[in-house]
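Chain residues, written in single-letter form:
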Amino acid sequence: MESHREKALAVMAQVNRYIFGKEEAVRESLAAFLAGGNILLEDIPGVGKTTMALLFAKTMGLEWKRVQFTPDVMPSDLTGFSIYRRDTGEFEYQKGAVFCNLLLADEINRTTPKTQSALLEAMQEQQVTVEGVTRELTPPFLVIATQNPLGTAGTQPLPPAQMDRFTISMTMGYPDFENEVQMAKVDGHHALAAGVEAVTDRLTFLEMQKEVENIYIKDEVYRYIVELVGQTRQHSCIEQGVSPRGTLALTRMSKAVAWIAGNSYVSPMDVAAQFPYVVGHRLILNMEARMQGKKKEQVIQEILDSVKKPELGRK
């Protein structure tokens, strides 16, 4: 009988058949899903963000929906609304786009802050409240949000409160030369992707998430996680550090990558590898850092170098 981990590896393998040269991004995305988290993809248009989201939804056998965010998308388009039925004389609730397992929020920073904020409750509480009535979402509820680079015409920056709801953020970037050649050779790429078959289903995926939750972490590694996050609140170049929600996200992501690797425990290396993905979008650099021309990647590396790893786990 195929194990849950083998199925997870099969999911990655199938996605990698269509997303050339982005194995790291695919692995991180699956880890975030297994950790019950949401993903923010920050990149220029046309590098495969939407295609990757679509492939994951189909391969994992999840119900998915896509919202192309524009300035006229309303909060009710996401959370739902009630309409009056003349035949019954009553109001009937119409579900919004969040009633699915995987929501692709495409170009989320092109819509208004009010609509962006409509996702907050769904992302954090797995529920929506409309007209005073709270409705639960069917688990899992996962969000992949893509956003164009800030400064692009028509963009609205996400508020820190919403940025904090994303478990990880990353960029996919341009493919390297050989992978772009391979991409050019594939005719009917999207037609092929449309034929992707599900490797798993919703209930099996939930069982995978439970296995991830049971991955063991020693106290020394828990302390290492908290020390890393604590340094983001003390670093001289950081105006706003990582919240306790970020601590939980780093813990869950570390468990997920350990599970994918076939290990029953989290090592300090797992934590260090996930730290940049978890904290990058949560940090706000101060004026001193900007005057020095420092980038977030430099500050994150400084923090990793300053905190000693506990001597245990995999070498």
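All values derive from a computational prediction rather than experimental measurement.

(A) Just the overall build of the protein, in detail. The secondary structure content of the protein amounts to 15 helices and eleven strands. Its C-alpha atoms give the protein a radius of gyration of 20 Å, within 12% of the compact-globule value 20 Å for 315 residues. Dimensions along the principal axes, computed over C-alpha positions, put the protein at roughly 70 × 50 × 40 Å. For the protein, buried positions account for 50% of its 315 residues.

(B) Local environment of the side chain of Thr 59. Mapped onto the fold, Thr 59 is located in helix α3 (residues 49–59). Among the polar contacts made by the side chain of Thr 59, one reaches the main-chain carbonyl oxygen of Leu 55 at a distance of 2.7 Å. Each residue touching Thr 59, except ones within four places of it in the same chain, is listed here: Val 11, Gln 14, Val 15, Val 196, Glu 197, Ala 198, Val 199 and Thr 200.

(C) Focus on the packing of aromatic side chains. Scanning the model with the defined rule gives three aromatic pairs in all. Centre to centre, the rings of Phe 33 and Phe 56 are 5.2 Å apart; their planes meet at 75°, and the pair counts as edge-to-face. Of this pair, Phe 33 sits in helix α2 (residues 23–34) while Phe 56 sits in helix α3, and the two are 23 residues apart along the sequence. On the basis of an interplanar angle of 70° and a centroid distance of 6.2 Å, the ring pair of Tyr 93 and Phe 99 is categorised as edge-to-face. The same class applies to Tyr 93 and to Phe 99, which are both buried.

(D) Here's a closer look at the nonpolar core. If you look at the biggest cluster of nonpolar residues, it comprises 68 residues, and the most contacted ones within it are Leu 30, Phe 33, Leu 34, Met 52, Phe 56 and Met 60. Setting aside its immediate chain neighbours within four residues, Met 52 contacts Val 15, Ile 19, Ala 25, Val 26, Ser 29, Leu 41, Met 170 and Met 172. Core analysis: the next-biggest nonpolar cluster, separate from the first, contains 26 residues, Phe 69, Leu 78, Ala 118 and Val 130 among them.

(E) Examining the environment of Asp 270 more closely. By the element assignment, Asp 270 lies in helix α13 (residues 268–279). Judged by relative accessible area, which is 7%, Asp 270 ranks as buried. For the pair Asp 270 and Met 253, spaced 17 residues apart in sequence, the C-alpha to C-alpha distance is 8.5 Å.

(F) Structural context of the sheet that holds strand β1 (residues 39–42). Taken in spatial order, the five strands line up as β2-β5-β8-β1-β9 in an open sheet, and their pairing is parallel. Edge strands, defined here as strands with exactly one partner in the open sheet, are β2 (64–68) and β9 (168–170). Within this sheet the neighbouring strands show an average axis-to-axis angle of 15°, counted without direction. In this structure, β2 lies alongside strand β5 (residues 102–106), joined through five bridges in parallel fashion. Note that in β5 the partner of Lys 65 across the bridge is Leu 103.

(G) Representation of helix α11 (residues 219–232) within the structure. Taking 1.5 Å as the rise per residue, α11 with 14 residues should run 20 Å; its terminal C-alpha atoms sit 21 Å apart, in good agreement. The complete set of buried residues in α11 reads Val 221, Tyr 224, Ile 225, Leu 228, Val 229, Gly 230 and Thr 232. Buried residues along α11 sit against β10 (238–240), α12 (244–260), α13 and α15 (296–306).

(H) Inspection of the layout of surface pockets at higher detail. Here the largest pocket defines a volume of roughly 1200 Å³. Contributions of two or more residues to the lining of the largest pocket are made by α2, α7 (160–163), β9, α12, α13, β11 (284–285) and α15. Split into classes, the residues belonging to the lining of the largest pocket amount to 22 nonpolar, twelve polar and 14 charged. Put simply, the second largest pocket is a space of about 590 Å³. For the second largest pocket, the lining is made up of 27 residues, of which Ala 35, Gly 36, Gly 37, Gln 126 and Arg 252 are closest to its centre. Looking at the lining of the second largest pocket, the elements that each hand over two or more residues are α6 (120–125), α10 (202–213) and α12. Class assignment of the residues belonging to the lining of the second largest pocket gives a composition of twelve nonpolar, seven polar and eight charged.

(I) Fine view of α3. For α3, a buried count of eight out of eleven residues is recorded, marking the element as mostly surrounded by other parts of the structure. Within two residues after α3, Gly 61 carries a phi angle of roughly 70°, on the positive side.

(J) Layout of unusual backbone geometry. At the junction of Pro 139 and Pro 140, the peptide bond is cis and its omega measures out at -5° in the coordinates. Note on placement: Pro 140 falls in the loop between β7 (133–136) and β8 (142–147). Of note, Gln 126 is a non-glycine position whose phi angle comes to about 60°, a positive value. Among the secondary structure elements, Gln 126 is positioned in the loop between α6 and β6 (127–130). In this structure, Glu 131 is a non-glycine residue whose phi angle is positive, near 55°. Along the chain, the position of Glu 131 falls in the loop between β6 and β7.

Reading guide: rules and limits
Residues numbered from 1 in each chain as written. Predicted model: local features only at pLDDT ≥ 70, side-chain atom pairs only at ≥ 80, totals over all residues. Heavy atoms only, no water. Helix = DSSP H or I, 4+ residues; strand = E, 2+ residues; numbered from the N terminus. Rg over C-alpha atoms; globule rule 2.2 N^0.38 Å. Buried < 20%, exposed > 50% of the residue type's maximum accessible area, 1.4 Å probe, protein only. Polar contact = N/O pair within 3.5 Å; in protein donor to acceptor, adjacent residues only side chain to side chain. Contact = heavy atoms within 4.5 Å. Phe/Tyr/Trp six-rings, centres within 6.5 Å; stacked < 30°, edge-to-face > 60°. Core = buried A, V, L, I, M, F, W, Y, C linked by side-chain atoms within 4.5 Å. Pairing = 2+ DSSP bridges. Axes fitted to C-alpha atoms, helices over the stretch in contact; angles between N-to-C directions. Expected span 1.5 Å × (residues − 1). 1 Å grid on protein atoms, 1.4 Å probe; cavity = no way out; pocket = protein on both sides within 12 Å on 5 of 7 lines; lining within 4 Å. Points joined across faces, edges and corners; volume = space filled by probe spheres on them. Nonpolar A, V, L, I, M, F, W, Y, C, P; charged D, E, K, R; others polar.

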